[in-house]
Amino acid sequence: MRNNVLNYLYGSITRCPDKLAFSDGTEGLTFRQVYDSARSVGSYLIGRGIYKKPVVVFMRKSPREVAAFFGVISGGCWYVPIDEEMPAGRIQLILDNVKSPLVICDEDTAPIAKDFVLHGGSTVLYSEICTTPADETGLARVLDSAIDIDPIYIVFTSGSTGIPKGVAACHRSVIEYVEQLSETLGFNSETVFGNQSPLYFDACLKELYPTLKFGATTYLIPRKLFSLPVQLIEFMNEHKINTICWVVSALTMISAFDTFSVIRPEYLHTIAFGSEVFPLKQFRRWRQALPEASFTNLYGPTEATGMTCFYHVDREFEDGEPIPIGRPFPNRQVLLLSDDGTETAPGEIGEIYVRGTSVTLGYYNDPERTSQAYVPNPLNTAYPEIIYKTGDLARYNDRGELVYVSRRDHQIKHMGHRVELGEVEVNVNMLPGIKLSACIYDAEKKKIVLYYLGDQTDRELTELLKTKLPRYMLPGRIIRLEEMPFTPNGKIDRVTLKKIYENK
Amino acid sequence: MDQLLEILSNLHPDVDFEMEDRLIDDAILDSLDIVDLITAISDEFDVTITAKDIMPENFNSAEAMYDLIQRIRDEE
């Protein structure tokens, strides 16, 4: 039985050892190279006695970083990806949470890692461990004692208290997800992925593991190209990229500038998107440019391993009509529950709860917040069963398709990332000279709008915030107020803030 | 030029746009910034910027953007 994601890698290494597995357009690794490097890194961990522990991978996005992930797994540990784009303050919070015995760096990140508090852990350069002689006995022992409910990674997502939450997923969940997603989107050995998402989110599971499973190829597209539509498509054509799973804003960036009248993606036949609402005007341009391609809307919280629901776009939509999120992948269930824990009547709005193997292990080292979101299934009182409470509201349309409605709380989707506006506010409030702050989201212009009371100028404030928050969480508009509006029961009045903003 | 610098500093109050000349190459401007920026430039200067104009050499600095705007105006 397949109980470890490494089984995928061991399959491809026998079928296509010399095929290109991962590339960023300049530097690439074949399956053989990925396999060898992973076993070396795994052997290094075994040699150090690091086993069943979180290992931080702090590297520039590259094929070598992917090999490092598989290396950590080969050693029987789970990887915690950290990115050089993350601000130092946030990285430190993550390190404080996982207390990893080891941080694997590259030449670019090692100087930055020196300044972190590692809680007794140490740093090592990837280049120094990726050729460690393979410890055949040790690697075999790790695989023999693998249990599929052991974690494979911890990825961090925004938390409203200002402390990010580490979602830990296990092998079983990832394998199940990879199988369902691959079947639904029709991946195979001819698939050439163009990866857009950062490697520190579960979004990249869509490319990394199917690549191993099928012996496919993934190009990690350089981030810069997502500002340069023509060059982006040239890159895709040069590398014969045929499958993309991108955030909507990356797709609309291309269609918005009439790029298709200059150049078209020649090989692209499978397009999946998600995390945000696709503006229909832009979506139609894509369909027009690639009438033969399949378009699939995906929905899912990180806590349920990658994506939960899918909808293959099979009809035209009226202006203002949302593209459904469809139905769950097989072997998982979506429950729409009302606040009293009962199922909602057909057509009514309810909160999405996810049930199945895809539900992750919980928030790492965080029992309190875990118990708030990973809850007993109220419809099953016969035995313990944990389901995930998403905080997303949805309803079924007349065709029986799920349609996303909104969030219950102040979480937003910004540039494909989940952002708790509360986390932005907590970080602003901690800055010197700030009395109070509140955020709203301008969904149309895709801007986080920050209101604050205090002595700082907006420029000083942005400078400081950059050391605390990742770029996608930085407010796009910062407005100083003389006084903050409050509701009668003393909460910040966000409705009034929205009105102030709209009337500007 | 002042008009352009004002658009830019509204977009990113923390960047010194009179000095920076690797805005794209160093990914100081990301894809959403580019979308916002081009929308703002198109409105303020009444020019049409299309995909083929969105090259690093046209957006790496405020000066390059200004030259691009002038060029498009001349052509139109």
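Residues numbered from 1 in each chain as written. Chains lettered and ligands numbered in written order. Predicted model: local features only at pLDDT ≥ 70, side-chain atom pairs only at ≥ 80, totals over all residues.

Colleague: When you look at the overall build of chain A in this model, what are you seeing that I'm missing?
Modeller: Scanning chain A for helices and strands turns up 16 helices and 26 strands. The C-alpha radius of gyration computed for chain A amounts to 23 Å, which stays within 12% of the reference 23 Å derived for 504 residues, consistent with globular compactness. Overall, the C-alpha framework of chain A stretches about 70 × 60 × 55 Å when taken along its three principal axes. Counting only residues that meet the buried cut, chain A has 48% of its 504 residues in that class. Across chain A, the fraction of contacts at a sequence separation of at least 24, relative to all contacts at a separation of at least 6, is 66%. (Helix = DSSP H or I, 4+ residues; strand = E, 2+ residues; numbered from the N terminus. Rg over C-alpha atoms; globule rule 2.2 N^0.38 Å. Buried ≥ 20, exposed ≤ 12 C-beta atoms within 10 Å, placed from the backbone. Contact = placed C-beta atoms within 7 Å.)

Colleague: Looking at this structure, I do not really get the overall build of chain B. What am I missing?
Modeller: The helix and strand inventory of chain B stands at 4 helices and 0 strands. Reading chain B from its N end, one meets helices and strands in the order α-α-α-α. Taking 2.2 N^0.38 as the reference for a compact globule, 76 residues should give roughly 11 Å; the C-alpha atoms of chain B span a radius of gyration of 11 Å, in line with that estimate. With 76 residues in all, chain B has 26% of them scored as buried. Here the contacts in chain B between residues at least 6 apart in sequence split such that 60% fall between residues at least 24 apart.

Colleague: Got a minute to help me understand the pairing of strand 9 (residues 192–195) of chain A in this structure?
Modeller: Taken residue by residue, a regular strand's side chains alternate between the two faces of the sheet. Residue and element names in this part refer to chain A. Burial along strand 9 is two-sided: V192 and G194 and F193 and N195, pointing in opposite directions, are all buried. Pairing geometry for strand 9 and strand 10 (residues 217–220), over 4 bridges, is parallel. Bridging from a neighbouring strand, F193 pairs with T218 of strand 10. In this view, the connection linking strand 9 to its parallel neighbour strand 10 by way of helix 9 (residues 205–214) has right-handed handedness. (Pairing = 2+ DSSP bridges. Right-handed = clockwise from strand over helix to strand, strands pointing away.)

Colleague: So what exactly am I meant to see when it comes to the nonpolar core here?
Modeller: Soluble, globular proteins show a tendency: their nonpolar side chains are buried together. Residues and elements named next belong to chain A. Within the largest apolar cluster, 141 residues are counted, with the highest numbers of intra-cluster contacts made by V34, V55, V56, V57, V72 and I104. Each of two domains, domain 1 (6–220) and domain 2 (300–407), supplies a minimum of three residues to this core. Non-local contacts of V34, meaning those with residues more than four positions away in its chain, are made with L9, A21, F22, L29, A67 and F70. Core analysis: the next-biggest nonpolar cluster, separate from the first, contains 20 residues, V424, A438, Y452 and L469 among them. (Core = buried A, V, L, I, M, F, W, Y, C linked by C-beta atoms within 7 Å. Domains from an automatic or database assignment.)

Colleague: Looking at this model, I keep getting lost on the sheet that holds strand 24 (residues 434–442) of chain A. Mind explaining?
Modeller: The strands that make up a sheet are held in pairs by hydrogen bonds between backbone atoms, and each pair lies either parallel or antiparallel. Residues and elements named next belong to chain A. One open sheet holds the 3 strands; their spatial order is 24-25-26, and the pairing between them is mixed. The open sheet has two edge strands with one neighbour each: strand 24 and strand 26 (477–480). In this sheet, neighbouring strand axes are inclined to one another by 20 degrees on average, regardless of whether the strands run parallel or antiparallel. (Axes fitted to C-alpha atoms, helices over the stretch in contact; angles between N-to-C directions.)

Colleague: Please clarify how the interface of chain B and chain A should be interpreted in this entry.
Modeller: Facing the 17 residues of chain B at the interface are 22 residues of chain A. Counting residues per element, the side of chain B that touches chain A draws most heavily on helix 2 (residues 31–45) of chain B, which supplies 4 residues. For the side of chain B that touches chain A, the residue count by class is 11 nonpolar, 2 polar and 4 charged. (Nonpolar A, V, L, I, M, F, W, Y, C, P; charged D, E, K, R; others polar.)

Colleague: Please clarify how the confidence of the model for chain B should be interpreted in this entry.
Modeller: Detail in the predicted coordinates should be disregarded across regions flagged by low pLDDT. Chain-level pLDDT for chain B is 88 on average; 100% of the residues reach the 70-or-more range. For this predicted complex, the interface score ipTM comes out at 0.84, while the overall pTM is 0.90. (pLDDT = per-residue confidence, 0-100.)

Colleague: Got a minute to help me understand the domain arrangement of chain A in this structure?
Modeller: How big an interface is tends to be reported as the loss of accessible area on association of its parts. Residues and elements named next belong to chain A. By domain assignment, chain A separates into domain 1 (6–220), domain 2 (300–407) and domain 3 (421–502). Distance from the C-alpha centre of domain 1 to the C-alpha centre of domain 3: 35 Å. In this assembly, 11 residues from domain 1 lie in contact with 11 residues from domain 3. The class makeup of the residues in the side of domain 1 that touches domain 3 is 3 nonpolar, 6 polar and 2 charged.

Colleague: What am I meant to see in the pairing of strand 14 (residues 309–312) of chain A here?
Modeller: Residues and elements named next belong to chain A. With 4 bridges connecting them, strand 13 (residues 294–299) and strand 14 associate as antiparallel partners. Looking at strand 14, one finds that L298 is bridged to F310. Bridge analysis of strand 14 against strand 15 (residues 327–328) gives 2 bridges, and the strand direction is antiparallel. Bridge pairing in strand 15 links C309 to P328.

Colleague: What am I meant to see in the packing of helix 2 (residues 31–48) of chain A against helix 7 (residues 136–144) of chain A here?
Modeller: To describe two helices that pack against each other, one gives the angle between their axes and the distance between the axes. Residues and elements named next belong to chain A. Taken N-terminus to C-terminus, the directions of helix 2 and helix 7 make an angle of 90 degrees; their axes are 9 Å apart at the nearest point. It follows from the interaxial angle that helix 2 and helix 7 lie roughly perpendicular. For the pair formed by helix 2 and helix 7, the contact residues are R39, G42, S43 and I46 on the first element and G138, L139 and V142 on the second. When its residues are assigned to classes, the contact of helix 2 with helix 7 shows 3 nonpolar, 3 polar and 1 charged. (Parallel < 35°, antiparallel > 145°, perpendicular 65-115°, else oblique.)

Colleague: Whenever I open this one, unusual backbone geometry confuses me. Can you help?
Modeller: The bulk of non-glycine residues show a negative phi, and the bulk of peptide bonds are trans. Residue and element names in this part refer to chain A. For T305, which is not glycine, the phi torsion reads 55 degrees and is therefore positive. Mapped onto the secondary structure, T305 falls in the loop between strand 13 and strand 14. On the neighbour-count criterion, T305 (31 C-beta atoms within 10 Å) is buried. Unlike most non-glycine residues, N331 shows phi in positive territory, near 65 degrees. The topology assignment puts N331 in the loop between strand 15 and strand 16 (332–337).

Colleague: How should the environment of A113(A) be read in this particular structure?
Modeller: All names here are of chain A. In this fold, A113 is placed in helix 5 (residues 110–113). A tally of 19 C-beta atoms within 10 Å means that A113 is categorised as partly exposed. Taking C-alpha positions, A113 is 8.2 Å from F58, a pair spaced 55 residues apart along the chain. Those residues in contact with A113 that lie beyond four places of it in its chain are F58, V103, C105 and T123.

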